[in-house]
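A look at the structure
The lines below spell out each chain.
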Amino acid sequence: MPPFAKATQFEPPRAARHPVKHRRHDVESCDDYAWIRADNWRETLEDPDLLPKPIRALLEAENAYAASVLADVARLAETIRAEMTGRIDETDCDPPARDGDFLYYRRYREGGQHELVCRRPAEGGAEQLMLDGDLEAEGKDYFSLNEALHSPDHRLLAWSRDDNGNELHEISWRDLATGADGSDIVEDTDGTIVWTCDSQGFLYTRMDEDFRTAQVFLHRIGADPADDVLVVEEKDPAWFIHLRSARSRRHAIVTISDHDSSECWMIDLAKAAAPARRILPRRPGLRYDAEPGAERLYLRTNADGAFDFKLVSIGLDKLDSGDWREEAPHRPGRMIFNATVFGDFLAWLERENCRPRLVFRALNGDEQAIAFDAPCHHLRLEHNFEFERPILRLAYSSVTEPQEIYDIDLATRSRTLLKRQRIPSGHDASAYEQRMDFALAEDGETVPLSMVWRKNLPPGPRPVLLYGYGAYGVALPDSFDESLFSLIDRGFVYAIAHVRGGTEKGSRWYENGKMEHKHHTFGDFIACARHLYAQKIAAPGKIVAEGGSAGGLLIGAVANLAPELFGGVIAEVPFVDVVNTICDASLPLTPPEWREWGNPIESAEVFFRLLSYSPYDNVKAQAYPPMLIEGGLTDPRVTYWEPAKWAQQLRARMTGGGPVLLKTNMEAGHGGASGRYDELEEIALRQAFAIEAVNT
């Protein structure tokens, strides 16, 4: 019996066609489903109840149809969800981080959906529950806790939350002695908080009407937010502002960037209302980020041809001298992707040919490295508050090994295990195999392909879930994901295609997967699928392709180019209406995207390039595999109408295959459900879909 055989019993929703004609670069096109984009879409992002009734009716009909078709796998999805729940440490707790007289940490209560923000005296004593995420979420359809950061004097807690999934956060502050929140609530922020040295205020980043981080303000505790002081502003709609605290907590770092360049400013947190100081002016192609130490400022930069980045420094009192000193040289193919500074040490993470390692040195010493042996692993620098002591907190995991968090003494190289992720239902890493292959692309490039599967299953080809992204220089981590093992234990191979568009093989890998080279991203994914078949890892027709956001563009493109390779497709909040979106400068995030995809309004060459691969515009009269498409009603990044229009276009043009299922979360945005257990429902349904898609 073919997969989803009972789908023929249900009639999929057929949206009315109201053609809207466009003429761009002497090409006339017709968009039959443009009406699914609500005229009041901006208001709908903040208040979903304002969605026009015909559009809501369509989305609800799609959800009902998807639920009917998936009814036969609902029991399997519930079983998988229960298995995933069994792998969650219900009372999971972060390793405490010391700051002064307190140890700060986050944890969960048994059965809790959201984090609890806590501290306890470092020398012993009772825990103080500073913020209860479960309590704050009560009565809300959506709740996401972002920052929760104590003031330097330990008296106050500033915290931010998103109550509808549109990524607009409110910031409140709480008196930790009384538990009372102040009445001065800061709205329309991205959730970032940086305290001033005097604990009397904090910096935050405000979002503009286009959901762009455009300004940094200073808020004083107890003051009217309308009187907040503007510290940094960026008026160019193609540039975003990012705010963070330096490790020393003496400065805030403001990074203003697009997808091509960056510019950093420093704010003295002892004089936060004073003008910010620019480090290096922006120029096309220059990327850098900054970290001030005790006496010197350190940059990770691609200046002077260091396309895979180098580290340089300059005296904090000599920023205008241009007297930069090289700290770690550029080496092609060795991508330095994160760096941090301690009182007497410099440390960074680097990646070469898809494998990361930790490198560090005393400020006047030689480089030392700590590497891990697993073929497919991930390293991440964790936060701690201490600056003078050279104790670096590092998280390690592999595709088979749960996460471990270490404190590494950079002076002695000693390593202290603070936490090993606990899997209550049990996990034996030795029962699984991991492997890194390299697929051969059409132009001769070798594409890294990470894989994990269960050892004790019968030999021979298996079904595969192949995941990809390939945009914005994002390197997909080869990290442990406990939710995957329900699929793997049922005989699947889980594979990650590290396609061009990321930085797994350095900046060259990114540049060769954007703009005029975007076709490489799609070709690399197809090459990985063919490699899996050629090596008899994948059973014929048994690869399920998965990707989200810009990875949804990848999945949509390869579904058009080579649908015969895939037994199923899972596309989460997919960016698929590429031409219409990138040609519309009024959409919130379009101008910044021109640095990644090109500007089709000004350039006919760019327009025709986008038109050649836009998934919505290239749906063909051919058979498509079963497809599960997900959207979020309050998503400001990939607006809900993109997946909705795509589903209708597929049904209208395809000649066989399917079904095409659209599931829109009516109470969430780009990240899906917010609670840790609610999220499992979505993941379990995807896995049940994948199993059914290859179940013939």
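A brief report on the enclosed structure follows. In this text the structure is predicted, and so the values were computed from the model without any measurement.

As for a negative patch on the surface
On the surface, a cluster of negative charge is contributed by E43, E46, D47, D49, E187 and D188. Looking at the negative patch, the elements that each hand over two or more residues are helix 1 (41-46) and strand 10 (186-189). The partly exposed category is assigned to E43, whose relative accessible area is 42%.

What about unusual backbone geometry?
Of all residues except glycine, most have a negative phi; of all peptide bonds, most are trans. A cis amide bond links G658 with the next residue in sequence, P659, at an omega value of 10 degrees. On the secondary structure map, P659 appears in the loop between strand 39 (656-657) and strand 40 (660-665). A positive phi angle, near 50 degrees, is found at H25, a position not held by glycine. With respect to the helices, strands and loops of the structure, H25 is situated in the loop between strand 1 (20-24) and strand 2 (27-31).

Focus on the packing of helix 7 (residues 519-534) against helix 8 (residues 550-561)
It is the contact of helix 7 with helix 8, at a shortest axis distance of 10 Å, that shows an interaxial angle of 70 degrees. When the interaxial angle is binned, helix 7 and helix 8 end up roughly perpendicular. Like other packed secondary-structure pairs, helix 7 and helix 8 cross with a definite hand, here right-handed. Between helix 7 and helix 8, the contacting residues are T521, F522, F525 and I526 on the first element and L553, L554, I555, A557, V558 and L561 on the second.

Comments concerning helix 11 (residues 604-613)
Of the residues making up helix 11, those classed as buried are V606, F607, R609, L610 and Y613. When helix 11 is viewed along its axis, its buried side chains cluster within an angular range of 165 degrees and face the same direction. Looking at the packing, one finds that the buried side of helix 11 touches strand 1, strand 2, helix 7, helix 8, helix 9 (578-582) and helix 10 (590-597). The N-cap residue of helix 11 is S603: its side-chain oxygen and the backbone nitrogen of E605 are 3.3 Å apart.

Some thoughts on the pattern of salt bridges
Under the defined criterion, the tally for this structure stands at 55 salt bridges. The salt bridge involving D304 is made with K310; its shortest N-O contact spans 3.6 Å. On the accessibility criterion, D304 (71% relative accessible area) is exposed. Take K310: its relative accessible area is 12%, and that puts it in the buried class. In this structure, E352 and R331 form a salt bridge, with 3.5 Å as the shortest nitrogen-oxygen distance. One end of the pair, E352, is in strand 24 (residues 345-352); the other, R331, is in the loop between strand 22 (325-328) and strand 23 (334-341), and 21 residues separate them in sequence. Taking relative accessible area as the criterion, E352 reaches 39% and is therefore assigned partly exposed. A single salt-bridge network, built from bridges that share partners, covers R331, R334, E350, E352 and R357.

Thresholds, definitions, all that
- For every chain, the first residue of the written sequence is number 1, and numbering continues from 1 along that sequence.
- The predicted nature of this model means local features are confined to residues of pLDDT at least 70 and side-chain atom pairs, given and counted, to a pLDDT of 80 or more, with totals for whole chains, interfaces and linings taken over all residues.
- Values reported for side chains reflect all heavy atoms of the structure, with hydrogen atoms and water molecules removed beforehand.
- The patches described consist of residues with a relative accessible area above 30% and no salt bridge, like charges being joined within 9 Å and nonpolar side chains (Val, Leu, Ile, Met, Phe, Trp, Tyr) within 5 Å.
- Note on areas: these come from Shrake-Rupley sampling with a 1.4 Å probe, and a residue is covered only by the protein chains present in the view.
- Any carboxyl oxygen of Asp or Glu that lies within 4 Å of a side-chain nitrogen of Lys or Arg is treated as forming a salt bridge with it.
- For the purpose of charge, His is not counted, nor are the chain termini; Lys and Arg are scored as positive and Asp and Glu as negative.
- In this description, the location of a charge corresponds to atom NZ of lysine, CZ of arginine, CG of aspartate or CD of glutamate.
- Under the DSSP-based scheme used, a helix requires at least four consecutive residues in state H or I and a strand at least two consecutive residues in state E, with every element numbered from the N terminus.
- Burial here depends on accessible area, computed with a 1.4 Å probe over protein chains only, as a share of the maximum for the residue type. Under 20% is buried, over 50% is exposed, and the range in between is partly exposed.
- The axes used here are C-alpha line fits, helices contributing only the stretch in contact, and every angle between their N-to-C directions lies in the interval 0 to 180 degrees.
- Roughly parallel refers to an angle under 35 degrees, roughly antiparallel to one over 145, roughly perpendicular to one between 65 and 115, and oblique to any angle outside these ranges.
- Each crossing gets its hand from how the near helix is turned against the far one by less than a right angle, where anticlockwise is left-handed and clockwise is right-handed.
- Residue contacts are defined here by distance: any two heavy atoms, one from each residue, within 4.5 Å place the two residues in contact.
- By construction, the arc corresponds to the directions joining the helix axis to the C-beta atoms.
- Here a polar contact is recorded for every N or O atom pair within 3.5 Å, except that within protein the pair must consist of a potential hydrogen donor and a potential acceptor, and residues adjacent in sequence are included only if both atoms are side-chain atoms.

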